[in-house]
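Spelled out, the chains give:
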Amino acid sequence: MRISPVYKASALALGIAGALAFAPVHASGFQLKENSVKGLGAAFAGTGINEGDASVVINNPAAMTRFEGTTVQADLSVIDLSYQFEGSGTDAFGRPLTGGDGGNAGDVTPIPAFSVIHKLDNGLALGAMVSAPFGLKTEYEPDWQGRYFADTSDVKIINLTFSAALDITDRFSVGLGAIYSKADVTLSKAVDFGTLLYSNPATRPLPFAVPQARDGHAEIQGDDTGFGWVAGFTVRPTDRFSVGVNYQSEIDYELRGTAEWQVPGDVRAVFNSNPMTAQLFQNGGAGAKLTTPSTFSVAARYEFTDRFAMMAKWAETGWSSLQEVRIDFDNPDPDSVEPFEWEDTQFASLGAEYKLNDAWTLRGGVAIDETPTSIEHRTPRLPDADRNWYSIGATWDVSDALSVDFAFTHLKPKDPEVDFTSGGSTIAGPFDGDANLFGVSAQYRF
């Protein structure tokens, strides 16, 4: 059997193109902002400049100089994500894709963070933090109509940050940190081998060389570590007004792992009948380059009275770093290339805080968050759209040393939809989705 160019192209398209197209999550792209419950309660308005929030280790290390002694903070945010497909799909013959809507692709996912800050007697502040800046998990039913585009997506990126800060004057401080990052990705989807065989004239006469007649499966897993940095400064023009600027760098990963294929027996026999195709779709090693984006943010806080303050934040995420993902197989399968062509996004939030009494502080906020995706490249792995944030939260000062924070946020995307073709199949239509976020944290000051 001769391997035609059409066959090779189909092998590429029906491999795991898009296997590193990340899961639909609540923030821009596959970003997770949840490293501070206090910040979550105000839609992250003022995050990086707000008093008493130890997440500044990563959100703006310069603000660590406002702490005294040793502060330990543990945050837990829980994301209840709901995404359900309401469209339809067609195969290479224009026939409806079999299967259901995939069910609720979302999941309930905990996002922990832990930070510690110590202020030295010489004015230098040191901090460390563990957080999860990117990732989430979604899972469709395995036999759903969009199975050729996605079934399971599991992405975990964990950062360990070490930061230092110093007051340059009483009103100006600077901070710098180093980030060690670990990425672990496992994603999978079905493979339409019937369409693949039909694309080659030599195998087209086979009775199962028909779209949707022979489904296989592909799963890729990869991991790597990377390094980045964070830097920021804070300035207080007056006792009531504070401004902070923070930058986090891109982080590059060389993901390496395995590609596992499930190929129907009669399809495998076809491939094995010719030495030129016998090595296709065999388990083996695989790798891909991934760059997570940089972020630049400006946060401000103004205390109108001793009890009432307002906060704001503007941030830009450099999603233009993700133009494509190219998977390189150790076996002779062609490279699998997924075009993203994402664009940089902006996030803006406004919040307020009111000190009800000595024990309780109430807060709330709203935000708008842009998507980096476009309809041309949006897949069921990421039916992303611009979204609005609505947040409320509270701090309970249990004692002079111990405080507890609570937060709730509702996110609603603006009409997410897909219209995407790959390997002869097309999936199109809207998604009904939203997310509820719950947070609780505790801070102890020694």
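Everything numeric here is computed off the predicted structure, so don't read it as measured data.

Procedures and definitions
- Residues numbered from 1 in each chain as written.
- Predicted model: local features only at pLDDT ≥ 70, side-chain atom pairs only at ≥ 80, totals over all residues.
- Heavy atoms only, no water.
- Buried < 20%, exposed > 50% of the residue type's maximum accessible area, 1.4 Å probe, protein only.
- Helix = DSSP H or I, 4+ residues; strand = E, 2+ residues; numbered from the N terminus.
- Arc of directions from axis to C-beta.
- Phe/Tyr/Trp six-rings, centres within 6.5 Å; stacked < 30°, edge-to-face > 60°.
- Lys NZ or Arg CZ within 6 Å of the ring centre and 35° of its normal.

**Some words on helix 5 (residues 265-272)**
1) Next: Looking only at helix 5, the buried set comprises V267, R268, V270 and F271. For helix 5, the arc enclosing every buried residue in end-on projection is 155 degrees, short of the 170-degree limit, so these residues lie on one face.

**A look at the packing of aromatic side chains**
1) Next: Inspection of every chain in the model, using the stated rule, returns 25 aromatic pairs.
2) Next: Ring centres of F149 and F420 lie 6.2 Å apart, and the angle between their planes is 70 degrees; this geometry places the pair in the edge-to-face category. A residue pair is termed long-range when its members are at least 10 positions apart, and F149 in the loop between strand 4 (125-139) and strand 5 (152-167) and F420 in strand 19 (residues 417-422) qualify at 271 residues.
3) Next: On the basis of relative accessibility, which here comes to 10%, the residue F420 falls in the buried class.
4) Next: Between W261 and F329, the aromatic rings sit 6.2 Å apart at their centres with planes inclined by 45 degrees, giving tilted as the arrangement. In this pair, W261 sits in strand 9 (residues 251-262) while F329 sits in strand 13 (residues 324-329), placing the two residues 68 residues apart along the sequence. Across the pair, exposure class does not vary: W261 and F329 are buried alike.
5) Next: Taken together, the aromatic side chains of F193, W261, F271, F281 and F329 make up a single cluster linked through ring pairs.
6) Next: K33 extends its terminal NZ or CZ atom over the ring of F347, reaching a point 4.2 Å from the ring centre.
7) Next: One Lys or Arg, R204, reaches over the ring of Y198 and ends 4.6 Å from the middle of that ring.

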